[in-house]
Amino acid sequence: MLGKISPYFINSVETKKSDNYIEQIENFKKLLYLTDDIFFQTDLEGRFKWINQALKDFLRQSEEQISGKEIFAFIHPEDKSSVRELMQSILPYEKSSALELRFLRPDGDYCFFECRLSLDPQRESYYFAASDISERKIYQEELLRLESIIEASLDGIYAIDCEGRIQSWNKAAEKIFGFSKDEIIGQTIHLLAFPDQREEMDNLINIIRRGETYSYETIRQKKDGETVAVFITLAPIRDSSGEVLGSSAVARDITSHRRLEKEIAQLDKLNTIVELASVISHEVRNPMTTVKGFLQLLYHKIKDKVFREYFEIMIEEMDRVNSILQEFNTIGKKHKESTRMRHNLKTIIKSMAPLLEADAVSQGKTIKFLLRETPDLMVDGNEIRQLILNLTRNALEAMEPNGSVLIKTFVENGQVILAVQDFGKGIAESDLEKLGTPFFTTKESGTGLGLYVCYEIAQRHEAQIKVNTGPKGTTFSVIFPQHAILP
Ligand code: ADP
Ligand code: MG
């Protein structure tokens, strides 16, 4: 009888030579009565031969009620085949691998058990041992749920131990920092830092060790060397006794926020400039004209050659200030009503010719006009003058001395077009998208506002500005909308 019990039962109990078998069996039964784990014996078909108290309690049935019934009546339909397979494959003296299966509770629900079995050497009985793992299953499912939330998060979420080593790493973290899970697990957080951030990282590890919660904004180095701006929150991870095991980190990519903030700051700067420019152009130009007039007057009276040169410089400088003022003359008017009237591009350009030519000559360059007849437009004359002036200035500045700028007007596809063409070195591909951004300039003493003003004026007129550029030069075309054309 005892021989029918699987050998590992015998090994675990000290046998005394004097004990008789019956007593030993009773001892086993007592032990099996005490445990919450389920033990039972079946025949080769799986019919119950004996069950322990725990199983009786679980099924709420007596041994008599159960005896002769098949275990399969109490097993979840989906688990039956794996139990059968295990029963068929097991050899005597062998302890089977653990199998997860669901037993039917009297209330109709199923409970998860981890089950092992063995076959007695006579091949007459199976012995089953099963422990209730429902709680573990609930934890497991909870864990899976949390895991899928973490994986789906747009924030990078990772765990760091007290040595600063990264222990988990979600998908968003892969995306934000560029390192895959395999590459980063086990590495320290220093891998994410720029070389000059060593101290910051050591500091963070101390914060983690102290079990503090900490939020901060910083930059990190991505795998490809790029910079990413992040907002990181650290929160301690503790074991059940409260000891700090490390920290969780949630990193949010705020690179685009930063960029936006910078842009807003620039706009603020621009607003200040706009106000300043309108004050300057209104208040400073008149006294400047007076000063320049007197300078010119005195210049003619002075005989001393050196002093005359000084006066020349003063007058030139006055002109330079004046021309800068001219460039943003209309910025301040942005919020005011623009006064649109019937204008013809050709007339406007002709009236500006002396000013434009003077500009060109002072740089040793020339301007050519190719003005085809175009219909009248409903536009703000001052603004269009400003537009032409700024485009022409840029065109002149783009060329070496002796170069020539071409100003053209024509009609194409029923639209009136103003084009300013130069034969300079063109605009770098990388600079193209920055054109018209306030303060973007590649010139040493540039303001970076000329084109911004042009784009503003064009926008207010619903006109389009197209740029055609290459190593042989650049053409800025202003395409006026059809509805601006007057009959
Ligand atoms: P600024 O002339 O003060 O630099 P702008 O807003 O007028 O400011 O022009 C911005 C930049 O655009 C210039 O610095 C230059 O790099 C580029 N740019 C504009 N027009 C031309 C052009 N015709 N040829 C080459 N580059 C140009
Ligand atoms: Mg300019």
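First, a word on what this report is: a plain description of the structure on this page. (Residues numbered from 1 in each chain as written. Chains lettered and ligands numbered in written order. Predicted model: local features only at pLDDT ≥ 70, side-chain atom pairs only at ≥ 80, totals over all residues. Heavy atoms only, no water.)

## Describing the site of ligand 1
Argument step 1. Taken together, 20 residues lie around ligand 1, and Asn 394, Asp 422, Thr 441, Thr 442 and Lys 443 are the ones closest in.
Argument step 2. One of the backbone N or O atoms of Gly 448 is found 3.0 Å from an oxygen atom in ligand 1.
Argument step 3. Contact with the protein chains removes 94% of the 530 Å² of surface that ligand 1 exposes when unbound.
Argument step 4. More than half of the atoms belonging to ligand 1 lie within 2 Å of the grid points that define the largest pocket. (Near = heavy atom within 4 Å. Polar contact = N/O pair within 3.5 Å; in protein donor to acceptor, adjacent residues only side chain to side chain. Areas by Shrake-Rupley, 256 points an atom, 1.4 Å probe, with all protein chains shown as cover. 1 Å grid on protein atoms, 1.4 Å probe; cavity = no way out; pocket = protein on both sides within 12 Å on 5 of 7 lines; lining within 4 Å. Sits in = over half its atoms within 2 Å of the grid points.)

## As for the nonpolar core
Argument step 1. Core analysis: the largest hydrophobic core is formed by 37 residues, its most contacted members being Ile 384, Leu 387, Ile 388, Leu 391, Leu 418, Val 478 and Phe 480.
Argument step 2. Looking at this core, the elements that each hand over two or more residues are helix 13 (345-362), strand 12 (366-371), strand 13 (377-379), helix 14 (381-397), strand 14 (404-412), strand 15 (415-421), helix 16 (450-460) and strand 17 (473-479).
Argument step 3. Of all the elements, helix 14 adds the most residues to this core, at seven residues.
Argument step 4. Look past the residues within four positions of Val 478 in its chain and what remains in contact with it is Leu 387, Leu 391, Val 416, Ile 417, Leu 418, Ala 463, Gln 464 and Ile 465.
Argument step 5. Core analysis: the second largest hydrophobic core is formed by 28 residues, Ile 51, Phe 103, Cys 111 and Leu 117 among them. (Core = buried A, V, L, I, M, F, W, Y, C linked by side-chain atoms within 4.5 Å. Buried < 20%, exposed > 50% of the residue type's maximum accessible area, 1.4 Å probe, protein only. Helix = DSSP H or I, 4+ residues; strand = E, 2+ residues; numbered from the N terminus. Contact = heavy atoms within 4.5 Å.)

## Points about the environment of Glu 456
Argument step 1. One can find Glu 456 in helix 16.
Argument step 2. Counting along the chain gives 322 residues from Glu 456 to Ser 134, while the straight-line C-alpha distance between them is 69 Å.

## Things to note about the pattern of salt bridges
Argument step 1. For the structure shown, the criterion picks out 26 salt bridges.
Argument step 2. Across the pair Glu 100 and Lys 137 runs a salt bridge whose closest N-O atoms are separated by 2.7 Å. In this pair, Glu 100 is assigned in strand 3 (residues 99-104) and Lys 137 in helix 6 (residues 134-152), connecting sequence segments 37 residues apart.
Argument step 3. By relative accessible area, Lys 137 is classed as buried at 14%.
Argument step 4. Measuring nitrogen to oxygen at the nearest pair gives 2.7 Å for the salt bridge that ties Glu 373 to Lys 346. Taken together, the residues Glu 373 in the loop between strand 12 and strand 13 and Lys 346 in helix 13 connect sequence positions 27 residues apart.
Argument step 5. The class for Lys 346 is buried, based on a relative accessible area of 19%.
Argument step 6. Ionic contacts of the salt-bridge type, sharing partners, join the residues Glu 100, Glu 114, Arg 136 and Lys 137 into one network. (Salt bridge = Lys/Arg side-chain N within 4 Å of Asp/Glu carboxyl O.)

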